[in-house]
Amino acid sequence: GADVLAVNPADCSLLLSEIPMCPTSIQDTLDEMVFEHFGFHSYCTRPAPALAALSIAAQQAKQQAPEASAAPPMPASLIVDAGFSATHVVPIFGSAALNYGIKRLGLGGKLLTNHLKQVISYRAYNVMEETHLINDVKERLCYVSLDFDADLALTRFRGKKNTIRREFVMPDYVNSMRGTIRDPNAPAEPAAAPAAAGGGAREEGAPPPQKKGRVPADRAEEQALSLSNERITVPELLFHPSDIGLEQAGLPECIVQAAEACPPDMREALYANILVTGGSSRFPNFEERLQRELRALVPSDLPIGFTAASDPTLAAWRGGSIFAAAAEYDSAVVTKEQYREEGHALCRRRFAGA
């Protein structure tokens with residue numbers, strides 16, 4: 001703290017985000033680290049989806065009334081947090097998560113990246129140690145298909161009929177630090193015009209003309225990954241985890257299960273205010289596909305409303321900044337003196353209403 005941020009932890013209050021339904025043993029260890037190791041004055045924990053809900057609620061308020069600076073009290077909402085390690089569906093009433101309705105899909109961005117690494121390592125290059133590179137490939141080339149069967153049929157064609165195929169030219173970390181995307185069906189760049197109409201002599205120092213059918217020298221030295229069905233099959237796991245043997249319901253079914261676990265009077269409000277956040281929600285067509293499949297599962301008389309976070313990766317952080325600046329924050333924290341008197345039990349009681 002003092003060495004990096006130039007602040008003294010004893011003078012600071014700490015707000016930490018945690019996963020929903022975090023095990024008590026981990027929470028107790030966290031208490032000890034915050035107070036006994038780092039020595040913070042006070043701290044508070046909140047589930048990351050609950051913090052993201054505050055950020056999206058403020059976003060909704062600004063869209064409805066740009067001149068308003070504060071978000072109104074949150075109604076019932078259903079948070080879909082497609083995160084790194086797992087995907088959570090969390091019903092929230094007011095500002096408190098309803099633990100009895102939380103559903104967890106053990107599939108997140110990390111598993112999708114690892115699955116793509118395995119597929120590429122089997123079909124092309126061994127990239128099992130290139131997590132950062134393959135994560136970049138996933139984020140830039142993968143997308144959620146709106147008609148999976150039709151798109152999968154397209155990937156079986158060769159040549160220009162396969163409109164899904166793309167090439168990812170890997171960086172050499174000398175001339176380029178980031179990979180580039182190339183469409184193999186794109187028309188080739190036109191050849192340079194001859195020096196003279198009659199095919200005159202080549203200028204001194206100019207490269208020799210390229211023979212037809214020969215691979216350019218720069219392409220001969222590059223390493224390119226060819227991705228076709230991988231672009232759609234990797235994000236598809238969020239909707240059909242059974243494709244890799246994960247015996248869990250897909251994300252649309254998890255949303256329905258979370259809503260049905262709540263009191264009947266709340267379900268209409270939950271379906272009407274579904275808030276989407278998390279890095280995996282950034283896949284193109286994610287929200288549209290989720291809404292389409294959810295519409296087929298939810299009774300037709302219940303409206304479905306979606307609001308996506310403007311920046312899914314920072315939604316929890318922005319919600320945390322809103323909560324830390326609110327008047328009720330001081331009553332939600334546990335101080336170091338209180339922790340010494342009552343221990344972990346006070347932390348569990350005070351943070352349980354989050």
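The structure under discussion appears in the preceding block.
Calculation notes
- Residues numbered from 1 in each chain as written.
- Predicted model: local features only at pLDDT ≥ 70, side-chain atom pairs only at ≥ 80, totals over all residues.
- Heavy atoms only, no water.
- Helix = DSSP H or I, 4+ residues; strand = E, 2+ residues; numbered from the N terminus.
- Expected span 1.5 Å × (residues − 1).
- Buried < 20%, exposed > 50% of the residue type's maximum accessible area, 1.4 Å probe, protein only.
- Contact = heavy atoms within 4.5 Å.
- 1 Å grid on protein atoms, 1.4 Å probe; cavity = no way out; pocket = protein on both sides within 12 Å on 5 of 7 lines; lining within 4 Å.
- Points joined across faces, edges and corners; volume = space filled by probe spheres on them.
- Nonpolar A, V, L, I, M, F, W, Y, C, P; charged D, E, K, R; others polar.
- Core = buried A, V, L, I, M, F, W, Y, C linked by side-chain atoms within 4.5 Å.
- Pairing = 2+ DSSP bridges.
- Axes fitted to C-alpha atoms, helices over the stretch in contact; angles between N-to-C directions.

Engineer: What's the story with helix H3 (residues 109-123) in this structure? I'm lost.
Structural biologist: One turn of the α-helix equals 3.6 residues, which is why residues spaced by three or four share an orientation. The end-to-end C-alpha distance of H3, which contains 15 residues, comes to 21 Å, matching closely the 21 Å that a straight helix rising 1.5 Å per residue would cover. Residues Gly109, Leu112, Thr113, His115, Leu116, Lys117, Val119, Ile120 and Ser121 constitute the buried set of H3. Lining the buried residues of H3 we find helix H4 (131-141), strand S9 (224-227) and helix H7 (230-236).

Engineer: Is there a simple way to explain helix H8 (residues 251-260) in this structure?
Structural biologist: Among the 10 residues that make up H8, 7 are buried, leaving the element largely enclosed by the rest of the structure. Lining the buried residues of H8 we find strand S3 (77-82), strand S4 (87-93), strand S6 (103-105), helix H9 (264-272), strand S10 (274-277) and helix H10 (286-297).

Engineer: How do you make sense of the layout of surface pockets when you look at a structure like this?
Structural biologist: Empty space among the atoms can be located by rolling a probe the size of a water molecule over them. One number sums up the size of the second largest pocket: a volume of about 650 Å³. The wall of the second largest pocket is formed by 34 residues, among which Ala82, Gly83, Phe84, Gly278 and Gly279 lie closest to the centre. Taken together, the elements giving at least two residues each to the lining of the second largest pocket come down to strand S1 (13-18), helix H2 (48-64), S3, H3, H4 and helix H11 (315-325). Each residue belonging to the lining of the second largest pocket can be placed in one class, and the counts come to 15 nonpolar, 12 polar and 7 charged.

Engineer: Mind showing me how you'd approach the nonpolar core here?
Structural biologist: Note on soluble globular proteins: their nonpolar side chains tend to be buried together. Ranked by internal contacts, the top residues of the largest apolar core, which has 45 residues, are Leu116, Ile255, Ile274, Phe286 and Leu294. Of all the secondary structure elements, the ones that give two or more residues to this core are S3, H3, H4, S9, H8, H9, S10 and H10. With 6 residues, H8 is the largest single contributor of residues to this core. Ignoring anything within four residues of it in the chain, the contact list for Phe286 reads Val144, Leu238, Phe239, Leu251, Val276, Ser280 and Ser281. Core analysis: the second largest hydrophobic core is formed by 16 residues, Leu14, Leu51, Tyr329 and Val333 among them.

Engineer: How should the sheet that holds strand S8 (residues 180-182) be read in this particular structure?
Structural biologist: Strand pairing in a sheet relies on backbone hydrogen bonds, with the paired strands running either antiparallel or parallel. Sheet architecture is open: 3 strands sit in the order S8-S7-S9, paired in antiparallel fashion. Where the open sheet ends on each side, the last strands, each with one partner, are S8 and S9. The average angle at which neighbouring strand axes cross in this sheet is 25°, direction not considered. Against the sheet, H4 touches strand S7 (166-169), S8 and S9, its axis set at about 145° to S7.

Engineer: Any chance you could explain the pairing of S7 here in plain terms?
Structural biologist: Consecutive side chains along a regular strand alternate between the two faces of the sheet. Relative to S9, S7 runs antiparallel, the two being bridged by 4 bridges. When the bridges of S9 are listed, Glu167 appears paired with Ser226. Of the pairings in the sheet, the one linking S7 to S8 comprises 3 bridges and is antiparallel in character. Bridge pairing in S8 links Phe168 to Ile181.

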